[in-house]
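The residues making up each chain are set out below.
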Amino acid sequence: MNQDFRALTVCSVQRAFILVFSKKAELVTNDKTKMLRTVSASYPMPSIIRLNRYVNLPYKGVLLNRQNIFRRDGYKCQYCGCNYDLTLDHVIPKSRGGETTWENLVTACKSCNSKKGDRTPEEAEMPLARKPFKPSFVMFLRDFAGYLDDDWMLYLGTKRK
């Protein structure tokens, strides 16, 4: 977290420990069940740290790329729900002026992508499981980043689902 308690990113335990040990960050919450051990000492395993100095970052958005679209869509085809042979599909085809944006890209299996072809989902009679959207950075950390510790929920502005 930044000095103002806003979520910045998820980092490794090693990086968090180094920041705390070098006094560049303070330990906010540690994993109660695990310790970091050396030959001569034991240290609490960091779960949440807060930087001692404020880091001024420009707007932190989620990078638009193939893997992040797959994450947002739960690694499932948005037309049939299968989870194999996945690719990206432009909801409004590029040939019809569709752009490469969060709101126009979905995960699709190759079969559905081929079946839909150069048509819109309505024209192909292939409804989307959900409307594509651009996730916020905090939403992306909270919902799509993989492992999420329950202690983090307070700082990500939500309760565990």
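Shown above is the structure to which this text applies.
So, here's what we can say about the structure. This one's a predicted model, so the numbers in the text were calculated from it and none came from an experiment.

### Remarks on the overall build of the chain
Part 1 of the reasoning: Looking only at helices and strands, the chain has 4 helices and 4 strands in total.
Part 2 of the reasoning: Secondary structure elements in the chain, listed N-terminal to C-terminal, are α-β-β-α-β-β-α-α.
Part 3 of the reasoning: The proportion of buried residues among the 161 residues of the chain is 35%.
Part 4 of the reasoning: Sequence separation of 24 or more characterises 57% of the internal contacts of the chain that already satisfy a separation of 6 or more.
Part 5 of the reasoning: If you sum the accessible surface of the chain, you get close to 10400 Å²; carbon and sulfur atoms cover 54% of it.

### Digging into the packing of aromatic side chains
Part 1 of the reasoning: This structure, assessed with the given rule, holds 4 aromatic pairs.
Part 2 of the reasoning: Ring geometry for F70 versus Y75: centroids 6.2 Å apart, planes at 55 degrees, classification tilted.
Part 3 of the reasoning: Note on F70: relative accessible area 7%, which makes it buried.
Part 4 of the reasoning: Three or more aromatic residues joined by ring pairs form one cluster here, namely F17, F21 and Y43.
Part 5 of the reasoning: In this structure, R72 packs its charged tip against the face of F133, placed 5.7 Å from the ring centre.

### Observations regarding the pairing of strand 1 (residues 25-37)
Part 1 of the reasoning: Relative to strand 2 (residues 42-51), strand 1 runs antiparallel, the two sharing 9 bridges. Looking at the pairing, E26 lines up with R50 of strand 2.
Part 2 of the reasoning: Following strand 1, the chain reverses through 4 residues before pairing antiparallel with strand 2.

### Section: the pattern of salt bridges
Part 1 of the reasoning: For the coordinates displayed, the defined rule picks out 7 salt bridges.
Part 2 of the reasoning: One salt bridge connects D73 with R130, and the closest N-O pair in it is separated by 4.0 Å. Placement of D73 in the loop between helix 2 (66-72) and strand 3 (86-90) and of R130 in the loop between helix 3 (110-116) and helix 4 (137-144) is noted, with a sequence separation of 57 residues between them.
Part 3 of the reasoning: On the basis of relative accessible area, R130 is assigned to the partly exposed category, the value being 35%.
Part 4 of the reasoning: Salt bridges sharing common partners tie together R72, D73 and R130.

Rules behind the numbers
- Counting from 1, residues in each chain are numbered in the order their sequence is written.
- Two thresholds apply to this predicted model, a pLDDT of at least 70 for residue-level local features and 80 or more for giving and counting side-chain atom pairs, whereas whole-chain, interface and lining totals are computed over all residues.
- Remark: hydrogens and water are excluded; side-chain values derive from all non-hydrogen atoms of the structure.
- The helix and strand labels rest on DSSP assignments: H or I over at least four residues marks a helix, E over at least two residues marks a strand, and numbering proceeds from the N terminus.
- The buried label goes to any residue with under 20% of its type's maximum accessible area, the exposed label to any with over 50%, and the partly exposed label to all in between, with areas taken from a 1.4 Å probe on protein chains only.
- Residue contacts follow a heavy-atom distance rule, with two residues in contact if any of their heavy atoms lie within 4.5 Å.
- Note on areas: these come from Shrake-Rupley sampling with a 1.4 Å probe, and a residue is covered only by the protein chains present in the view.
- Pairing of aromatic side chains requires ring centres within 6.5 Å, counting the rings of Phe and Tyr and the six-membered ring of Trp. Pairs whose planes differ by under 30 degrees are stacked, by over 60 edge-to-face, and all others tilted.
- Only when the NZ atom of a Lys or the CZ atom of an Arg is both within 6 Å of the ring centre and within 35 degrees of the ring normal do we say a charge sits over the ring.
- Strand pairing follows a simple DSSP-based rule, namely that at least 2 bridges must link the two strands.
- Salt bridges are counted wherever a side-chain nitrogen of Lys or Arg sits within 4 Å of a carboxyl oxygen of Asp or Glu.

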